[in-house]
Amino acid sequence: MDTETLEREFKQKVCDQVRLNAEGLNRYVIHQPFTFDDGDHFVVVLKQEQGNWVFTDEGHTLMHVQYDDIDLEHGTRASLLDSTLSAFALENRSGELRIPVPQGRFGDALYSFLQALNKIADLDFLTRERVHTMFLEDARAVIGKVVPESRRVFEYHDPQRDPDRNYLVDCRINTTVRPNFVFFINSDSHCQNATIVCHQYEKWSVHFRATGIFEDQTKINRRALAQFSDVAYKQFPSLGSEDRIRAYFADVVRGET
Amino acid sequence: MSQVLTDSEIAELTARPKQLPIRWRTRLNLRQRNGDAHRRRDLPLGNDAESFVIKCRQSAINPLDFSIVLVYLDKAKNLYRLLRCNGKHPSQHTNRWERQQGQNGHTFGPCFHIHQATQRYQEADLEIDGFAQLTEAYSDYDSALEYFIRISGCVDPEPRTPSSADLFGGV
């Protein structure tokens, strides 16, 4: 491989600051100016495997993005990651991001690889508050896929007994048997609030079933969870089991549960 | 909402004694392989309103690419990365605040380096631990972990004796 020609191609396709350092057999580290938010530069390594050249991050990018326990396997972030990988033809091999070099087009492949890494690095810009909002949107979307609009009311309150909206239900699903009150729970306080709402409706002699969908049930305080478990008919520990959630609500709509 | 930690608060939080559990080395051992490109272990410290977590990450492909992080959680459970011993990942690091100020030497590496939380980075709306300095205090994950424990206020219930330390490169 003519490294000078290759470096020139990288500079032409990407930017002048790209440098190529040989490190190991058929392995080159690409130094470039693009960084994560903390100033660490992206890891880009060009190496030959079984006669084919690939750019790889050697597993660094997803490790770096997940310093703050960001969940890249479920929800909106997982969708964004998948769509980015797909858009730039990257492979995710158990956490190692790779892109093959097609027909000697090293510069084009590097350009795509860096663009993808830029987008993936942005995933950790999403703040905790934003992720909570995303959870609510994701949870609503799951309900929306199964329950017809005419059968559901998001942010339901009883207009007669609760005109001030003090006892909000995240989603009320009307069935032929009894309403199902669904709570999207992403914090201890929301869990406690859901319990209070259920007790209030029981006090008003409303016959209903309560369902809890948690963002991450393992992070909920044990006492708050135990109190909610007393009033809930069904709980889902996260949105990860979407198929089961959809099957359950399909049964709810049919009046079978 | 996260607050800006002052440099003196950062220093106090970093130095605050943190009792490690017994067998903490085993709990932070990253040698087990599960086929993933990186391995991870977390060790929560304390159950108070304020607490700390040690987070360890290591690339399975390049063992010199690792991070050992001291995270502080305030009463509202906001996360602050106070200290991070990084390995020698095959890329550089740029101290963005220093670059913005036009200072020399803002970019270095690849090399072992330590990220530290600073007040000035938070006030400039940069990552709290965006400032890093190169180090020769360690040369692999194990020696970095021992060094990290020494500088992060951790109290080791099973300190290594001098003779056992020799077995680990004098750490």
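The written sequence of each chain sets the order in which its residues are numbered from 1. Labels are handed out in written order, letters beginning with A for the chains and numbers beginning with 1 for the ligands. Totals for whole chains, interfaces and linings use all residues, but because this is a predicted model, local features are given only for residues with pLDDT of at least 70 and pairs of side-chain atoms are given and counted only at 80 or more. In computing side-chain properties, one takes all heavy atoms of the structure into account and sets aside hydrogens as well as water.

## Things to note about the overall build of chain B
A helix here means a DSSP run of H or I that spans at least four residues, while a strand means a run of E at least two residues long, and both kinds are numbered starting from the N terminus. Counting its secondary structure elements, chain B contains six helices and 10 strands. Within chain B, the fraction of its 171 residues that count as buried is 50%. Any pair of residues with heavy atoms lying within 4.5 Å of one another is described as a contacting pair. A separation of at least 24 residues holds for 53% of the contacts in chain B among residues at least 6 apart in sequence. To be clear on the numbers: accessible area is Shrake-Rupley with a 1.4 Å probe, and residue cover counts the displayed protein chains and nothing else. For chain B, the exposed area adds up to about 8400 Å²; of that, 49% sits on carbon and sulfur atoms. Each residue is assigned to one of three classes by its accessible area relative to the maximum for its type, calculated with a 1.4 Å probe on protein chains only: buried under 20%, partly exposed between the two thresholds, exposed over 50%.

## Thoughts on the pattern of salt bridges
Counted as salt bridges are all cases of a side-chain nitrogen of Lys or Arg within 4 Å of a carboxyl oxygen of Asp or Glu. Evaluation of the coordinates by the stated rule reveals 29 salt bridges over all chains. We note a salt bridge from A:Glu91 to A:Arg98, for which the minimum N-O separation is 3.6 Å. Taking relative accessible area as the criterion, A:Glu91 reaches 35% and is therefore assigned partly exposed. In this structure, B:Arg81 engages B:Glu127 in a salt bridge whose closest nitrogen and oxygen atoms are separated by 2.7 Å. You can see B:Arg81 sitting in strand E5 (residues 79-86) and its partner B:Glu127 sitting in the loop between helix H4 (119-123) and strand E9 (131-134), a full 46 residues away along the chain. Accessibility expressed as a relative area gives 7% for B:Arg81, which makes it buried. Beyond isolated ion pairs, a larger network of salt bridges with shared partners links A:Glu23, A:Arg27, A:Lys47, A:Glu49, A:Glu58, A:Glu91, A:Arg93, A:Glu96 and A:Arg98.

## Observations concerning the sheet that holds strand E1 (residues 19-22) of chain A
All names here are of chain A. Sheet architecture is open: six strands sit in the order E1-E2-E3-E4-E6-E5, paired in antiparallel fashion. Each edge of the open sheet is held by one strand with a lone partner, namely E1 and strand E5 (91-93). Going across the sheet, the axis of each strand differs from the next one's by a mean of 30°, ignoring polarity. A strand pair is defined by DSSP finding two or more bridges across the two strands. The sheet contact formed by strand E2 (residues 27-31) and strand E3 (residues 45-49) spans three bridges and is antiparallel. Every angle, taken between N-to-C directions, lies between 0 and 180 degrees, and every axis is a line fitted to C-alpha atoms, over only the stretch in contact when it is a helix.

From the geometry alone we can't say anything about function, so treat these as descriptive.
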